[in-house]
Amino acid sequence: MSLEVRLCGVRLRNPTVLAAGVLGTSPHILKRVYDAGAGAVTTKSIGPREREGHPNPVVVEFECGLLNAVGLPSPPLEESVENLRRAVKLVKGSVIASIYGETAADFRHVASLVSEAEPAMVELNISCPNVEGRIPALNPAESAKIVGAVRDVVKQPLIVKLSPTDTFTIKEVARAVVDAGADVIAAVNTMPAMVIDVDFGRPVLSNRRGGMSGAALRPIAVRCVYDIYEEVADANVPIIGIGGVSSGRDALEMMMAGASAVGVGTAVLKGLDVFKRILAEMEEFLEKRCLSLAEVVGMAHGR
Ligand code: SIN
């Protein structure tokens, strides 16, 4: 059975996408993840200037997921673009370039260089919870301004990654970015959270606060995807659903909420076989029910 999907004309051999930030730092690792079965791979977010990120510890596991506050570390921009160029050559499939900036002008500058490296799509990370200042994705006008700033310098389909932090405004933000020129929405980034070490009486992460991913994020992400689908389905804007997906049923749930493709992040840390497992489980389910993948997308919206 074919699990191929198309996002704005870009062919993915299957609907699983390595989410940004996870294993996306080097061309060889991106290739390994693609070879392990992912339908597309996303780079770690590329920034406008060299940046150290936060000191260790930057990751902590808890019962139902993971918290990270890596702090968007980035090599100098030229080096990141060169790495992207190499990844595009090495990976025999779709590479998505994730980018971030502090201002709309930063985003425009990074986007124009990254677009020239010919990734399949460009993803705007406007939703990282781990850096100083506000999360642009919490404000529809600010989000639209960033999308508007990059639109004419990006030749590829433009993905905008939203935040689950305020689930009540996510529809407005989705509408704003689509009106400003976004082609695809990725939902969602991690959820602001904290883990405290009770023995030491201090937060575990050096940044104190972090972004939560993994199983605990999944129902929040499903709700966000469901809401966004209600808002943008009429505009034919595909959604990449991200948050705690680690099985075929999780992926199908995300698609029933309205996602056309599914990001896999935290689960890859337990082994790259996760992609093949998800796909085999999806296939088994679809065959048993005599359903195509397309029929599943948005199914949960039926009455
Ligand atoms: C980080 O580098 O702290 C995580 C990036 C993100 O969540 O967007």
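For the structure given in this document, a descriptive report is provided here. Every chain is numbered independently, its residues counted from 1 as its sequence is written. For this predicted model, a pLDDT threshold of at least 70 governs which residues receive local features, and a threshold of 80 or more governs which side-chain atom pairs are given and counted, while totals over whole chains, interfaces and linings are taken from all residues. Note that the side-chain values use all heavy atoms of the structure and ignore hydrogens as well as water.

### With respect to the side chain of Gln-156
Line of reasoning, step 1. Here Gln-156 shows up in the loop between helix H4 (140-150) and strand S9 (158-162).
Line of reasoning, step 2. The cut-offs for exposure are 20% and 50% of the maximum accessible area for each residue type, with area from a 1.4 Å probe on protein chains only; residues under the lower value are buried, those over the upper are exposed, and the others partly exposed. By relative accessible area, which is 8% here, Gln-156 ends up buried.
Line of reasoning, step 3. Contacts are assigned to residue pairs that have any heavy atoms within 4.5 Å of one another. When neighbours within four sequence positions are excluded, Gln-156 is seen to be in contact with Ser-115, Glu-118, Pro-119, Ala-120, Met-121, Val-122, Arg-151 and Asp-183. Where helices and strands are cited, they refer to DSSP runs of H or I of at least four residues and of E of at least two residues respectively, numbered from the N terminus.

### Thoughts on the site of the ligand
Line of reasoning, step 1. Only a single heavy atom is needed: when it lies within 4 Å of a molecule or strand, its residue is near that molecule or strand. Neighbouring the ligand are Lys-44, Asn-68, Ala-69, Val-70, Gly-71, Leu-72, Asn-125, Cys-128, Pro-129, Asn-130, Asn-189 and Thr-190.
Line of reasoning, step 2. Interatomic distance of 2.8 Å between a side-chain N/O atom of Asn-130 and an oxygen atom of the ligand.
Line of reasoning, step 3. Within 3.5 Å is the distance limit for a polar contact, defined as a pair of N or O atoms, with the added protein rule that one can donate a hydrogen and the other accept it, and that residues adjacent in sequence qualify only through two side-chain atoms. Within the side chain of Asn-189, one N or O atom sits 2.9 Å away from an oxygen atom of the ligand.
Line of reasoning, step 4. Note on areas: these come from Shrake-Rupley sampling with a 1.4 Å probe, and a residue is covered only by the protein chains present in the view. In isolation the ligand exposes 260 Å². Once the protein is present, 91% of that is buried.
Line of reasoning, step 5. Lys, Arg, Asp and Glu make up the charged group, whereas Ala, Val, Leu, Ile, Met, Phe, Trp, Tyr, Cys and Pro make up the nonpolar group; the residues left over, Gly among them, are polar. The residue inventory of the shell around the ligand, partitioned by class, reads five nonpolar, six polar and one charged.

### Notes on the nonpolar core
Line of reasoning, step 1. Remark: nonpolar core denotes a set of buried residues (Ala, Val, Leu, Ile, Met, Phe, Trp, Tyr, Cys) joined through side-chain atoms within 4.5 Å. Within the largest apolar cluster, 104 residues are counted, with the highest numbers of intra-cluster contacts made by Leu-124 and Ile-185.
Line of reasoning, step 2. Here the element with the most residues in this core is helix H8 (residues 274-289); it accounts for seven residues.
Line of reasoning, step 3. Among residues more than four places away in sequence, those in contact with Leu-124 are Ile-99, Phe-107, Ile-146, Val-147, Val-150, Leu-158, Ile-159, Val-160 and Lys-161.

### Description of the pattern of salt bridges
Line of reasoning, step 1. Each reported salt bridge corresponds to a side-chain nitrogen of Lys or Arg within 4 Å of a carboxyl oxygen of Asp or Glu. Scanning the entire structure with this criterion turns up 22 salt bridges.
Line of reasoning, step 2. Residue Asp-183 pairs with Arg-151 through a salt bridge whose shortest N-O separation is 2.7 Å. With Asp-183 in the loop between helix H5 (170-180) and strand S10 (184-187) and Arg-151 in the loop between H4 and S9, this residue pair connects regions lying 32 residues apart in the sequence.
Line of reasoning, step 3. With a relative accessible area of 23%, Asp-183 lands in the partly exposed category.
Line of reasoning, step 4. Glu-284 serves as the salt-bridge partner of Lys-288, at 3.4 Å between the closest nitrogen and oxygen. Here Lys-288 pairs with Glu-284, and both are found in helix H8, just four residues apart, close to one helical turn.
Line of reasoning, step 5. You can call Lys-288 exposed: its relative accessible area is 66%.

### Thoughts on the sheet that holds strand S16 (residues 261-264)
One key point about sheets: their strands pair by backbone hydrogen bonds, in either a parallel or an antiparallel sense.
Line of reasoning, step 1. The pairing criterion is simple: DSSP has to find at least two bridges between the two strands. Pairing is parallel around the closed barrel formed by eight strands, whose spatial order is S3-S4-S7-S8-S9-S10-S15-S16. Adjacent strand axes in the sheet meet at a mean angle of 25 degrees, parallel and antiparallel pairs treated alike.
Line of reasoning, step 2. In this structure, strand S3 (residues 16-18) lies alongside S16, joined through three bridges in parallel fashion. Note on S16: the bridge partner recorded for Leu-18 is Val-264. Here an axis means a line fitted to C-alpha atoms, over the contact stretch when the element is a helix, while the angle between two N-to-C directions is reported on a 0 to 180 degree scale.

### So, a negative patch on the surface
Line of reasoning, step 1. Here, patches come from residues exposed beyond 30% relative accessible area and free of salt bridges, joined within 9 Å for like charges and within 5 Å for nonpolar side chains (Val, Leu, Ile, Met, Phe, Trp, Tyr). Charge counting follows a simple rule: Lys and Arg are positive, Asp and Glu are negative, and His as well as the terminal groups are ignored. By convention, charge coordinates are those of NZ in Lys, CZ in Arg, CG in Asp, or CD in Glu. A contiguous patch of negative charge on the surface is contributed by Glu-50, Glu-52, Glu-78 and Glu-79.
Line of reasoning, step 2. If you trace the backbone, Glu-50 turns up in the loop between strand S4 (40-42) and strand S5 (59-62).

Honestly, it's all geometry; don't read function into it.
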